[in-house]
Each structure stands twice: as structure tokens, then as C-alpha cells.
Amino acid sequence: MSPEAWLPQPAWYLTGLSLLLALAPPALGMEVMAPATINALNGTSVKLSCTFNSCYKVENKQFSLNWTYQECKNCSEELFLQFRTKIMNKQLDRFGNRVEFTGNPTKYDVSFTLNNVQLEDEGTYNCYVLNPPDRQRGHASISLKVLTKEPPKRDSTVAVIVGASVGGFLAVVILVLMVVKCVRRKKQQRLNTDDQKTEEEGKTDGEGNPDEGTK
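Residues numbered from 1 in each chain as written. Predicted model: local features only at pLDDT ≥ 70, side-chain atom pairs only at ≥ 80, totals over all residues. Heavy atoms only, no water.

## Looking at the pairing of strand β12 (residues 138–147)
Line of reasoning, step 1. Examined bridge by bridge, strand β3 (residues 37–41) and β12 share five bridges and lie parallel to one another. Bridge assignment links alanine 40 to a residue of β12, and that residue is valine 146.
Line of reasoning, step 2. Two elements, strand β11 (residues 123–130) and β12, share seven bridges in a ladder whose sense is antiparallel. Across the sheet, the residue bridging to cysteine 127 is alanine 140, located in β12. (Pairing = 2+ DSSP bridges. Helix = DSSP H or I, 4+ residues; strand = E, 2+ residues; numbered from the N terminus.)

Shown next as C-alpha cells:
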């Protein structure tokens, strides 16, 4: 059996809808996408996928990434993978050397693979991304469920066909929304920069022209 992650079929449509809503043009924050839940078989390897959208090219000197783990909802987050000009594996005791970065930030992919999955690996995995000049850090989280046996097989031909059709439509819509959003974001940043320059010029003029009545 190949080491696969099982994403419940209803989640395909919810994930697509979430992406569609997240990419609405009025929003100015970075979008980070990841499946809400991933099921992995105990003892196998699983890829925890995390991708992001940005209007700007990734520059290693400015780009930053944090992967954290939460054992429970109210537990503190533990940093185990980080990118600061290069990937840095923090090698938490719970994971040892089982974490392997398999993404490519220049292609907007910051996924990693967890090898030899253990029951204790269940929990929430948080993906944080910042790609300046985007000003807001993006975030997505994945709930990992570890199974002790492979789920029963079922015929998913119809679901795959429908999912592919819906996915293709969503991809086109998302691409259009992304282009519109990038244009609006860059325009807004130019306006903010121009306003700031105008304000600074106004202050300079005020300081350079004292009241003639005081001479």
C-alpha cells in the first residue's frame, strides 16, 4: 500500500469553496491554503500540504515560514520547522529526524513530509507564511488524524469526475480573482505611498516657510 493521506470526499468541495471565499478581492492579507483534516496510517509517511498565494516574487532574504505543532486546542504551539534564508529543522524530541521539508517556497509551496507516523503525532499543525512586501502574515492549520488500520475501499469514480469538474471551474475563478486582487493590492500600496510622500512634503514646506509676521 502506498503511503497516502486520506482527505474525506465532502471536504473537497468545502476546501474549494473556502479557497474561493478566501480569495475575494477586497481582502488584502496573504492567502495560505491547507486541507483542514488529513488522515494518515500509523507507521507510514504523510505529506502535510501547505501552499500560498502572493502578488510578489519570493525572495529568500525576506521570506519567512514557521511550522508549529499543537497537541490540543488549548496547548501551546511548538516550533519545529522554520525558514529564514534557508530551511531550519528544530528537531523536537517528539519528531526526532522524521520531519522532511518537501516544499519549494519559490513555487509557493511550503509543505513537509512526516515519516513513520506515530499515534502521538495526532494534533494540529500550523503553517505561518510571510512574503514581503505583503504586510500581513498568512496562516492555515491542519488537523492530523492517525489511523491504526486502512479505511475500507470504495468506488469513488463519480466523486473524482465531479470533483475534477468542480476543481477546474474553481481554478479558473480563483485565477481571475487572484489577478484582480493583486492589481487592487498594488494600487492601494501605491496610493498609501503617495499619501505618505505628500504628507512628508507638506511638513517640509511648513518648516521651510516661517510666518512673515514674526520677522
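## Let's talk about the nonpolar core
Line of reasoning, step 1. With 30 residues, the main nonpolar core has Trp67, Phe80, Phe112, Leu114, Tyr125 and Val129 as its most contacted residues.
Line of reasoning, step 2. At the level of elements, β3, β4 (46–48), β6 (64–70), β7 (78–84), β10 (112–114), β11 and β12 are the ones that each hand at least two residues to this core.
Line of reasoning, step 3. Counting residues per element, this core draws most heavily on β12, at four residues.
Line of reasoning, step 4. When residues no more than four places from it in sequence are discounted, the contact partners of tyrosine 125 are Leu48, Trp67, Thr68, Tyr69, Phe80, Phe95, Phe112, Leu114, Ala140, Ser141, Ile142 and Leu144. (Core = buried A, V, L, I, M, F, W, Y, C linked by side-chain atoms within 4.5 Å. Buried < 20%, exposed > 50% of the residue type's maximum accessible area, 1.4 Å probe, protein only. Contact = heavy atoms within 4.5 Å.)

## Description of unusual backbone geometry
Line of reasoning, step 1. Following proline 132, the chain continues into proline 133 via a peptide bond in cis, with omega recorded as 10°.
Line of reasoning, step 2. Considering the arrangement of structural elements, one finds proline 133 in the loop between β11 and β12.
Line of reasoning, step 3. Phi at asparagine 116 is positive, roughly 50°, even though this residue is not glycine.
Line of reasoning, step 4. By the secondary structure assignment, asparagine 116 is in the loop between β10 and β11.
Line of reasoning, step 5. Judged by relative accessible area, which is 39%, asparagine 116 ranks as partly exposed.

## A short note on the state of the cysteines
Line of reasoning, step 1. Across all of its chains, the model carries two disulfides by this definition.
Line of reasoning, step 2. In this model, cysteine 50 is linked to cysteine 127 through a disulfide, with the two sulfur atoms separated by 2.3 Å. For the disulfide bridge between cysteine 50 and cysteine 127, the dihedral angle about the S-S bond is near -90°, and by the sign convention the bridge is left-handed. Taken together, the residues cysteine 50 in the loop between β4 and β5 (51–53) and cysteine 127 in strand β11 connect sequence positions 77 residues apart. (Disulfide = S-S within 2.5 Å.)

## Looking at the side chain of aspartate 109
Line of reasoning, step 1. Considering the arrangement of structural elements, one finds aspartate 109 in the loop between β9 (99–101) and β10.
Line of reasoning, step 2. Despite its burial, aspartate 109 pairs with no opposite charge; the closest candidate is lysine 47, at 4.3 Å N-O.
Line of reasoning, step 3. Only 2.6 Å separates the side chain of aspartate 109 from the side chain of serine 111, close enough to count as a polar contact.
Line of reasoning, step 4. Sequence-distant contacts of aspartate 109, defined by excluding residues within four places in its chain, comprise Lys47, Cys50, Thr51, Phe52, Phe101, Gly103 and Asn104. (Lys, Arg positive; Asp, Glu negative; His and termini not counted. Salt bridge = Lys/Arg side-chain N within 4 Å of Asp/Glu carboxyl O. Polar contact = N/O pair within 3.5 Å; in protein donor to acceptor, adjacent residues only side chain to side chain.)

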